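# Survey of secondary and tertiary structure
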There are 2 protein chains.
Amino acid sequence: MNSYIYNCFNCNKEFSAELIEDNFHYLCPDCGKAEKNRPLKGVLTVEYNYDEFKKKLNREEFLRLPPGKFWLYPLLWPINFTTFNETILNQLVLPEDQLLSFKYKGADISLMDETRNPTLSYKDRASSLVALKAKELGIKEISAASTGNAGSSLAGVCARMGLTAHIFVPSSIPSAKRIQIQSFGANIYLVDGSYDDAFDLCFEVSKEKKWYNRNTAYNPLTIEGKKSAAYDIFISSKGKLPDIIFIPVGDGVIISGIYKGFYDLKKLGWIEKLPKLIAVQAEGSNALVRYLEKGKFEFKPAETIADSICTGAPRNLFMAADAVKITNGKAISVGDDEILSAQKLIANQFKILAEPASSAAFAGYLKLSEANEIASKEKVLLIITGNGLKNITVSEEWNKIPKSLSFSGWKDFFSIK
Amino acid sequence: MNSYIYNCFNCNKEFSAELIEDNFHYLCPDCGKAEKNRPLKGVLTVEYNYDEFKKKLNREEFLRLPPGKFWLYPLLWPINFTTFNETILNQLVLPEDQLLSFKYKGADISLMDETRNPTLSYKDRASSLVALKAKELGIKEISAASTGNAGSSLAGVCARMGLTAHIFVPSSIPSAKRIQIQSFGANIYLVDGSYDDAFDLCFEVSKEKKWYNRNTAYNPLTIEGKKSAAYDIFISSKGKLPDIIFIPVGDGVIISGIYKGFYDLKKLGWIEKLPKLIAVQAEGSNALVRYLEKGKFEFKPAETIADSICTGAPRNLFMAADAVKITNGKAISVGDDEILSAQKLIANQFKILAEPASSAAFAGYLKLSEANEIASKEKVLLIITGNGLKNITVSEEWNKIPKSLSFSGWKDFFSIK
């Protein structure tokens, strides 16, 4: 069995797994605080017995594992996998070939392509782990606030595992994401307000209803689940990590998760240096950028076409800020127009229809590249977090309906005599 | 190098690969005929030197190959793979875990899940092979008529390979499919009319413009490409084939391709019996069902919510009919209401959001099962040909926008005091 503890990111106190899990704590029992429209305080991380793990599996053995199947190395997860059979776990498998390599204007650019995950987004990584934990704890109902991807992911995973999902979304949610959530039989609650409001409302209702809350960052397993991308990057690149990773940032949990995965690998002594993590936000939703500039958080309602990263109060703000600082990374903003151009360019250059938030990652790369802030020998990775078909309203902006063509008039249309 | 010939499905004459390919023949040079709103006559199939293949690879070695990578057994394809490097081929890889197993009301049901292919549909199988052949022949521009999936697939594959795609679609195409096609930089032509009209128009224009025509069935490589699912089923089931396969049928090329794959395996002596192939059509688009009943083809404009299988003139009608007859299968129709219920049931039972055409396969299963036409020990496979996000208008039918909820009123909404 694996042994792990929970550690508070704010006060740094350590807690046993039993204390946290048996009492259904989410945040630090001492200093944790969840407030309306504010980043969370006292988010918990999971710490493992790395020496114990190394005795069971060495670097070379780890690198020979297939990517996308995290249960093959159970000691790095806060889950007791022995209670699950292979059928359940195999429903959670991600594609093996997510890491794609390209040349772009002479530079080496890789993409982590999460657009073909079971529900077509990165969020499957977190939902899987949370749902396994719910099963382990004997919980039947899980809730989450979502801009759409976390919700459709949790709905899909819960359906596979026979759990009930309750999903709180802003009423502006793109149709495709709403339909995914409903199709998988989840209960959906359309909140008149922003994602930030949905987050706070899910928090209140779940407390009353005693639902297991998957709210991102609030549930520490969301960060743990999202760390698996770092392992998959390590495995798929055969240990040759990229130098810089561009990550779209809303609540800041994907960047925190990726940081955590590399942190684990460093603790294991398997990597020396962490890649620089670049947080990319939309200009109308850039609380992390402003926090890093001014040293304090200020709530400002968010607005951007990149619906997945539209949040005025990034719940994992402090951890995301640390991930940027510790890795010598950076947080930058890109405009909605830059996101749109980047979406078009990704389709054109890398042949992937990425959703707007994912396109922000590439827009961020273009910005730093044009400012000569990337050395030519640096290997770049972009995290492509979700499929473009999840929000087609935005891609319709650059894909207008063309004039139609009648059968009788085709020769004129094609200038054929 | 592999050796193969072309064989006419109508007059049964054989032609050398050189004669067909060097002269850009699509249909049989002797009896081939393409007419407006009619099934094609003289469709060509490819025959291999099966003895030569068996000397290079035996059944057990074949079964150890990973599914989804057809170029690993080059002798069963009409392509000279030595001209392609791994980078190009790796862009065409399909997920390894497409064959999913479930229990449904006590029965063993498997799904071939094509919803996570590179462009989220079965059509990637055909587009890949056609694009490789175009490359081999030194052709730069490819055309296709499509209800949407073949087009978005060809657009995606062409983009990856640096080829230009010209896609003819009915103007009623679902937005998501149109956007996929446009995003990948293809030229799209919205035809005022049906898919049948788009097919005929693509035929005319391509002849004038000398574009390589991927029109389904017309280009024999579409049937060859679509056969790979049979191999993948064989590999993934470790040689234990299903007894009955339900396949949605529009033009009849998927069912012909799957038949062809099993035909190859039988020629190799690796399987004894072919699974029964059940062709499922929509009631408003059931030319194959009527052809098998009456023994003759009659054109009737098609209408169904299952846009991918909406065609009044299935171009591969005769081959599809043979596939049904030779395997002791059957062709059946299901109503649009049955397709809708099946779509909901697939999401609910198998956790996949399938597009309406794919849902027809399950509706067909339910129909035969309720009529006690399936023995309890028979293993059933459904081909899930496309992702539901490609046509959300239909799934909106059973996923209405719910009433929204205000923050201040949440206690009333959840009946909390």
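Structure: above.
Attention here is on the structure that accompanies the text.

Cut-offs and rules
- Residues numbered from 1 in each chain as written.
- Chains lettered and ligands numbered in written order.
- Predicted model: local features only at pLDDT ≥ 70, side-chain atom pairs only at ≥ 80, totals over all residues.
- Heavy atoms only, no water.
- Salt bridge = Lys/Arg side-chain N within 4 Å of Asp/Glu carboxyl O.
- Helix = DSSP H or I, 4+ residues; strand = E, 2+ residues; numbered from the N terminus.
- Buried < 20%, exposed > 50% of the residue type's maximum accessible area, 1.4 Å probe, protein only.
- Least-squares fit on C-alpha atoms with pLDDT ≥ 70 in both.
- Contact = heavy atoms within 4.5 Å.
- Polar contact = N/O pair within 3.5 Å; in protein donor to acceptor, adjacent residues only side chain to side chain.
- Expected span 1.5 Å × (residues − 1).

So, on to the pattern of salt bridges. Summed over the entire model, instances satisfying the criterion amount to 45 salt bridges over all chains. With a shortest N-O distance of 3.4 Å, D197 of chain B and K36 of chain B are connected by a salt bridge. Residue D197 of chain B is found in helix α8 (residues 195-209), and its partner K36 of chain B is found in the loop between α1 (17-22) and β3 (44-48); the two are separated by 161 residues along the sequence. Residue D197 of chain B is classed as buried on the basis of its relative accessible area, which comes to 17%. Judged by relative accessible area, which is 45%, K36 of chain B ranks as partly exposed. Close ionic contact of E114 of chain B with R125 of chain B constitutes a salt bridge, the shortest N to O distance being 2.8 Å. One end of the pair, E114 of chain B, is in the loop between β5 (107-113) and α5 (124-137); the other, R125 of chain B, is in helix α5, with eleven residues separating them in the sequence. Among the residues examined, E114 of chain B registers a relative accessible area of 0% and is labelled buried. Through salt bridges with shared partners, a single network forms among E224, K227, K260 and D264 of chain A.

Right, let's get into the relation of the copies chain A and chain B. The two copies are related by a screw motion: chain A maps onto chain B through a turn of 180° and a shift of 0.0 Å along the axis, at an RMSD of 0.0 Å. Both chain copies can therefore be described as sitting about a two-fold axis. No C-alpha of chain A lies nearer the rotation axis than that of R116 of chain A, which sits 2.7 Å from it. The residues that chain A uses at the interface reappear at the interface of chain B in 100% of cases, marking a shared surface.

Residue and element names in this part refer to chain A. In this structure, Q281 sits in strand β11 (residues 276-282). For Q281, a relative accessible area of 0% gives the class buried. A distance of 3.5 Å separates a polar atom in the side chain of Q281 from the backbone oxygen of S285. Leave out the neighbours within four places in its chain, and Q281 touches V249, G250, N286, A287, L288, V289, I332, S333 and V334.

We now examine helix α6 (residues 149-161) of chain B. All names here are of chain B. If you check α6, its first and last C-alpha atoms are 18 Å apart, about what 13 residues at 1.5 Å a residue would give, namely 18 Å. Summarising burial for α6: twelve of the 13 residues are buried, a large majority. Every buried residue of α6 is listed here: N149, A150, G151, S152, S153, L154, A155, G156, V157, C158, A159 and M161. Downstream of α6 by one or two residues, G162 has phi in the positive range, about 75°.

Read these as spatial facts, not as claims about activity.
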